[in-house]
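# A closer look at the structure
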Amino acid sequence: MTGVQTCALPISLIRVVVPGQDVIIGENLLIPIRLKLDDDFGFSKLELNYMIQHPDYLMEDTTHYTESINLPRTDLASLEFNFRWELAQISFMPEDAIQYWFTVWDNNTVDGPQKASSRKWLARLPSLDEMFEELAQGNEKVKQEQETVLEIVKEIREKVNELALEVQKDPNLSWEQQQEASEAIEQVEQLKDQLENISQQLDEMMASAEEQNLMSDETLDKYSELQQLLEQLITPELREAMDRLREAMEQDNPQEMAEALEDFQAAMEDFQKSVERTLEIFKQVEIEQKIDELTTRLNDLAERQETLSSEMKNCDPAATARQEEQIADDFNQTQQLAEDLEKLL
C-alpha cells in the first residue's frame, strides 16, 4: 500500500483523517470521511477513486471507478472538511471490499496543476459468517460474565448465612466477623461495576446487530429489556440492608447488627434469585437470536441461488462452479445451525 504521491513542487498533500484506517461497512452503507488538504496554490479538483475486490471464488473486477467531489473552497492553502460517502449505488456483496483513495489537483498556473493522492484504505462488507460469529462471541462473553456474577453472589450469600448463624449463638460480632461482613458488602459494591460492564457490552452488541440488521425488532426489544433487568439487579432494598449493616457496625450495636444482618441475608437471597432469573432469560433470548440468524441465512442462500441461476449463462463456468460450491458449504452450515437449534427448543 503506497503513501502520498506527488508529481512536482510545490508538494500537495492529502490525508484521510477520518476514518484513517480500514473499516467494516455497516448496514447503512455509509462511510463518514474527513479530509485534510494542503497546498500553497490552493486546489482545483478532487476525485474519489475506488476498486471493488471480490472474494477468491468470484471473478476479479479490475475496473477503476472515479467520482468527482465538490470542494468547499479552492482558494485556501489548507483545507479540512467532512464528506459522507454513500455506498448504496455501488454494486457489491457481503465479503467484498472497496479499496479507495483520493486524488487532488492544485491551482498551480505556472507549471500547470499538480496532483497528489492519499494513502489507499479498505472498506469491507463482512460476510454473514463474520457478523454472526462476532455476535455469538458477544453472547458467549455476556453469558460467561453473568455466570461469574452468579458464582460470586452465591459465595457472598454463603458467607452472610454463616455470619447469621454465628450471630444467633452470640449477638456480639467479633472484629474478624465484622471484617467478613464489610468484605461481603464491598463485594456487592464491586458487582455493581461488573453488572454495568455487562450492560455496556449488551448495548454495544445490540447497536452492532441493529446496524447490520442481524436481529428482528422483537429480539432487539428483548435484549433491551434484559439490559434493563441487569441494571436493576442491585435493588434499593439490598442497598438499604447494606447501609443499615454498615451503620450498625459503626455504632457497635449488637442487637441492631443482628437485625441488619438478617435483612442483608434476605436481600442476598432475593439478589441471587434475580441473577439466576436474568441468566435464564438471557439464554432464552439467545435462542430467539439464533432463530433470527437461521431465517437470515436461509433468505441469503435463496437470494444468492436465484442470482446465480439468472446470471449463469453469462458467467465463466469455473467461477459459477466456485459460487455453487460456496453456496453448498453455506447451506451445510445453515443446516447444522437448524439441527443445533432443534436440540435447544
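I will try to describe carefully the structure that is included in this document. (Residues numbered from 1 in each chain as written. Predicted model: local features only at pLDDT ≥ 70, side-chain atom pairs only at ≥ 80, totals over all residues. Heavy atoms only, no water.)

### Describing the pattern of salt bridges
- Going through the model one piece at a time under the given rule, you end up with 24 salt bridges.
- One salt bridge in this structure joins arginine 124 and glutamate 130, with 2.8 Å as the shortest N-O distance.
- With a relative accessible area of 29%, arginine 124 lands in the partly exposed category.
- Since its relative accessible area comes to 33%, glutamate 130 is described here as partly exposed.
- Notably, a salt bridge pairs aspartate 330 with arginine 304, separated by 2.8 Å at the nearest N-O pair. One end of the pair, aspartate 330, is in helix H6 (residues 317-344); the other, arginine 304, is in helix H5 (residues 254-311), with 26 residues separating them in the sequence.
- Exposure remark for arginine 304: the relative accessible area of 17% places this residue in the buried category.
- One continuous salt-bridge network, built from bridges that share partners, spans Asp129, Lys290, Glu293 and Arg297. (Salt bridge = Lys/Arg side-chain N within 4 Å of Asp/Glu carboxyl O. Buried < 20%, exposed > 50% of the residue type's maximum accessible area, 1.4 Å probe, protein only. Helix = DSSP H or I, 4+ residues; strand = E, 2+ residues; numbered from the N terminus.)

### Section: the pairing of strand E5 (residues 43-53)
- Where E5 lies against strand E8 (residues 97-106), 10 bridges are found, and the strand directions are antiparallel. When the bridges of E8 are listed, lysine 45 appears paired with tryptophan 105.
- For E5 and strand E6 (residues 65-69), the ladder comprises 5 bridges, and the chain directions are antiparallel. Counterpart to tyrosine 50 in the pairing with E6 is tyrosine 65. (Pairing = 2+ DSSP bridges.)

### Focus on the layout of surface pockets
- Taken as a whole, the largest pocket encloses approximately 740 Å³ of empty space.
- Around the largest pocket, the lining is made up of 32 residues, and of these Tyr57, Leu58, Met93, Asp96 and Gln323 lie nearest the centre.
- The set of elements that each furnish at least two residues to the lining of the largest pocket consists of helix H1 (128-169), H5 and H6.
- With 7 residues, the single largest contributor to the lining of the largest pocket is H5.
- For the lining of the largest pocket, the per-class residue count stands at 14 nonpolar, 7 polar and 11 charged. (1 Å grid on protein atoms, 1.4 Å probe; cavity = no way out; pocket = protein on both sides within 12 Å on 5 of 7 lines; lining within 4 Å. Points joined across faces, edges and corners; volume = space filled by probe spheres on them. Nonpolar A, V, L, I, M, F, W, Y, C, P; charged D, E, K, R; others polar.)

### Describing a negative patch on the surface
- On the surface, a cluster of negative charge is made up of Glu155, Glu158, Glu162, Glu166, Glu176 and Glu180.
- Broken down by secondary-structure element, the contributors of at least two residues to the negative patch are H1 and helix H2 (175-211).
- No other element matches H1, which puts 4 residues into the negative patch. (Patch = residues over 30% accessible without salt bridge, like charges linked within 9 Å, V, L, I, M, F, W, Y side chains within 5 Å. Areas by Shrake-Rupley, 256 points an atom, 1.4 Å probe, with all protein chains shown as cover. Lys, Arg positive; Asp, Glu negative; His and termini not counted. Charge placed at Lys NZ, Arg CZ, Asp CG, Glu CD.)

### Focus on the sheet that holds strand E4 (residues 30-38)
- As summarised here, the arrangement of the 3 strands in space is E2-E4-E7, forming an open sheet in which the pairing is antiparallel. Unpaired on one side and paired on the other, strand E2 (13-18) and strand E7 (78-86) mark the two borders of the sheet. With strand direction ignored, the average angle separating the axes of adjacent strands in the sheet is 25 degrees.
- Across 5 bridges, E2 lies against E4 in antiparallel orientation. The residue of E4 that forms the bridge with valine 18 is arginine 34. (Axes fitted to C-alpha atoms, helices over the stretch in contact; angles between N-to-C directions.)

### Things to note about the nonpolar core
- Grouped together as the largest cluster of nonpolar side chains are 50 residues, with contacts concentrated most on Val188, Leu238, Phe264 and Phe271.
- Listed by contribution, the elements that provide at least two residues to this core are H1, H2, helix H3 (217-231), helix H4 (236-251) and H5.
- Per-element accounting of this core gives the leading share, 13 residues, to H1.
- In contact with leucine 238, other than residues within four places in its own chain, are Val188, Phe264, Ala267, Met268 and Phe271.
- Within the second largest apolar cluster, 29 residues are counted, among which are Ile14, Val23, Phe102 and Ala123. (Core = buried A, V, L, I, M, F, W, Y, C linked by side-chain atoms within 4.5 Å. Contact = heavy atoms within 4.5 Å.)

What is shown is where atoms sit, not what they do.
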